[in-house]
Amino acid sequence: MQLPADGTAAPARTAAADDGPVDTALHAFARAQAEQAARAEASGQWAAAALSWEVLSLVSPDDKRAHTRLAEARRQANAVAVERLAVAEAAQRRGDLDAASQAYLEVLALDPMRRSAAEALRQIERERNRRSLVGRMSRLPIARRSGADIEITPAANGDPTRSANSVREHATLLARQGDLDAAIQMLRDSPLRNEAVTRAMLADLYVQKAESIKHSQPEAARAAVNAALVFDRRHPAALTLQQHLAKPKALATPGTAAAPAPRR
């Protein structure tokens, strides 16, 4: 099935009897994918356009136009990724870590396999942690001299909502790449760690960690489950894992140690 050059669906041949229900549904799906790809191209969302053209090329392998547009969308996505990568690197060199992080995230949205951008995000997070530590150390004597009980919280540059989203997006990216410890550490070090959304993410990440090591490192898995329950004491998966990971001879009630046997 091949779509016309304008991206619209070809008219039905004669009657509904010519195409069965499956063919009709497939044709409608292909048309929707073509329209979605065209809209994504028009708005410059080349990664989304490439995905739609790829789906269409699989649904209609004989559609040469879909394959041609797929190649062009990928070329455009790569070109924009290279451009955003240069912007990110320039921002990182001048020390604008928020702008660099945002640009690197845009690069990975266009090309998830670009490892240089993922590694740069890790370097930025390490630099943020270093700056945060230096800032706390430098401000500590001032707080002491003032004699006041001051809670010092690093201020986020720019829009606080955008900064919060960037931190969470970065942590999600690290988790998807399998670096759960880095994702957890990023959220724990964030000034936003006490927000409900961040606490929920931390609980989920600790549960993922426990699941991944429950057979090879049961003690560490139990510790991860306990950490998850600190952030969400009613987390269903954490409570289930806590029961499965209970030590032998423990009582059925979670978190209750077995009573020692009486001496004779």
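Further up the page is the structure itself.
All of the points below concern the structure found in this document. (Residues numbered from 1 in each chain as written. Predicted model: local features only at pLDDT ≥ 70, side-chain atom pairs only at ≥ 80, totals over all residues. Heavy atoms only, no water.)

## Let's talk about the packing of aromatic side chains
Phase 1: Counted under the stated rule, the structure contains 1 aromatic pair.
Phase 2: When the centroid spacing of 6.1 Å and the interplanar angle of 15° are considered together, the rings of Tyr206 and Phe231 count as stacked. With Tyr206 in helix H8 (residues 196–213) and Phe231 in helix H9 (residues 218–231), the pair connects residues that are 25 residues apart, well separated along the chain. An identical accessibility class is assigned to Tyr206 and Phe231; each is buried. (Phe/Tyr/Trp six-rings, centres within 6.5 Å; stacked < 30°, edge-to-face > 60°. Helix = DSSP H or I, 4+ residues; strand = E, 2+ residues; numbered from the N terminus. Buried < 20%, exposed > 50% of the residue type's maximum accessible area, 1.4 Å probe, protein only.)

## Some thoughts on the packing of helix H7 (residues 180–189) against H8
Phase 1: At a closest axis distance of 10 Å, the pairing of H7 and H8 adopts a crossing angle of 155°. As far as their axial angle goes, H8 and H7 are roughly antiparallel. H8 is crossed by H7, and the crossing has left-handed handedness. Within the contact between the two elements, H7 uses Leu180, Asp181, Ala183, Ile184, Leu187 and Arg188 and H8 uses Thr198, Met201, Leu202, Leu205, Tyr206, Gln208, Lys209 and Ser212. (Axes fitted to C-alpha atoms, helices over the stretch in contact; angles between N-to-C directions. Parallel < 35°, antiparallel > 145°, perpendicular 65-115°, else oblique. Left-handed = near helix turned anticlockwise from the far one by under 90°. Contact = heavy atoms within 4.5 Å.)

## Looking at the pattern of salt bridges
Phase 1: In the structure shown here, the tally under the stated rule is 12 salt bridges.
Phase 2: Arg69 is the salt-bridge partner of Glu41, the closest N and O atoms lying 2.3 Å from each other. Taken together, the residues span a long stretch of sequence, with Glu41 in helix H1 (residues 21–42) and Arg69 in helix H3 (residues 64–93) at a distance of 28 residues.
Phase 3: What makes Arg69 partly exposed here is its relative accessible area of 23%.
Phase 4: Between Lys209 and Asp181 there is a salt bridge, with the nearest N and O atoms lying 2.9 Å from each other. Of this pair, Lys209 sits in helix H8 while Asp181 sits in helix H7; the two residues are 28 residues apart in sequence, bridging distant segments of the chain.
Phase 5: Its relative accessible area of 24% is what places Lys209 among the partly exposed residues. (Salt bridge = Lys/Arg side-chain N within 4 Å of Asp/Glu carboxyl O.)

## Side note on the nonpolar core
Phase 1: Core analysis: the biggest nonpolar cluster contains 27 residues, and Leu187, Leu205, Tyr206 and Val225 have the highest contact counts within it.
Phase 2: Those elements that place two or more of their residues in this core are helix H6 (160–176), H7, H8, H9 and helix H10 (236–244).
Phase 3: Top contributing element to this core by residue count: H8, with 8 residues.
Phase 4: Setting aside its immediate chain neighbours within four residues, Leu187 contacts Val167, Ala171, Arg193, Thr198, Met201, Leu202 and Leu205.
Phase 5: By size, the runner-up hydrophobic cluster in this structure holds 17 residues, among which are Ala103, Tyr104, Ala117 and Ala120. (Core = buried A, V, L, I, M, F, W, Y, C linked by side-chain atoms within 4.5 Å.)

## Looking at the environment of Asp179
Phase 1: Note on placement: Asp179 falls in the loop between H6 and H7.
Phase 2: Spatially, the C-alpha atom of Asp179 lies 9.6 Å from that of Lys209, the residues being 30 residues apart in sequence.
Phase 3: Those residues in contact with Asp179 that lie beyond four places of it in its chain are Arg122 and Leu174.
Phase 4: At 3.5 Å, the side chain of Asp179 and the side chain of Arg122 are in polar contact. (Polar contact = N/O pair within 3.5 Å; in protein donor to acceptor, adjacent residues only side chain to side chain.)

## Quick look at H8
Phase 1: With 18 residues, H8 extends 26 Å from end C-alpha to end C-alpha; this agrees with the ideal 26 Å at 1.5 Å per step.
Phase 2: Where H8 is concerned, the buried positions are Thr198, Met201, Leu202, Ala203, Leu205, Tyr206, Val207, Ala210 and Ile213. (Expected span 1.5 Å × (residues − 1).)

## What to know about H10
Phase 1: Listed in full, the buried residues belonging to H10 are Ala238, Leu241 and Gln242. Seen from one end, H10 has its buried residues packed into an arc of 105°, which puts them on one side. Along H10, the residues that are exposed and aim more than 90 degrees away from the buried face are Pro236, Gln243 and His244. (Arc of directions from axis to C-beta.)

## Re the environment of Ala224
Phase 1: In this structure, Ala224 sits in helix H9.
Phase 2: Take Ala224: its relative accessible area is 5%, and that puts it in the buried class.
Phase 3: If we skip the residues at most four places from it in the chain, Ala224 touches Tyr206, Lys209 and Ala210.

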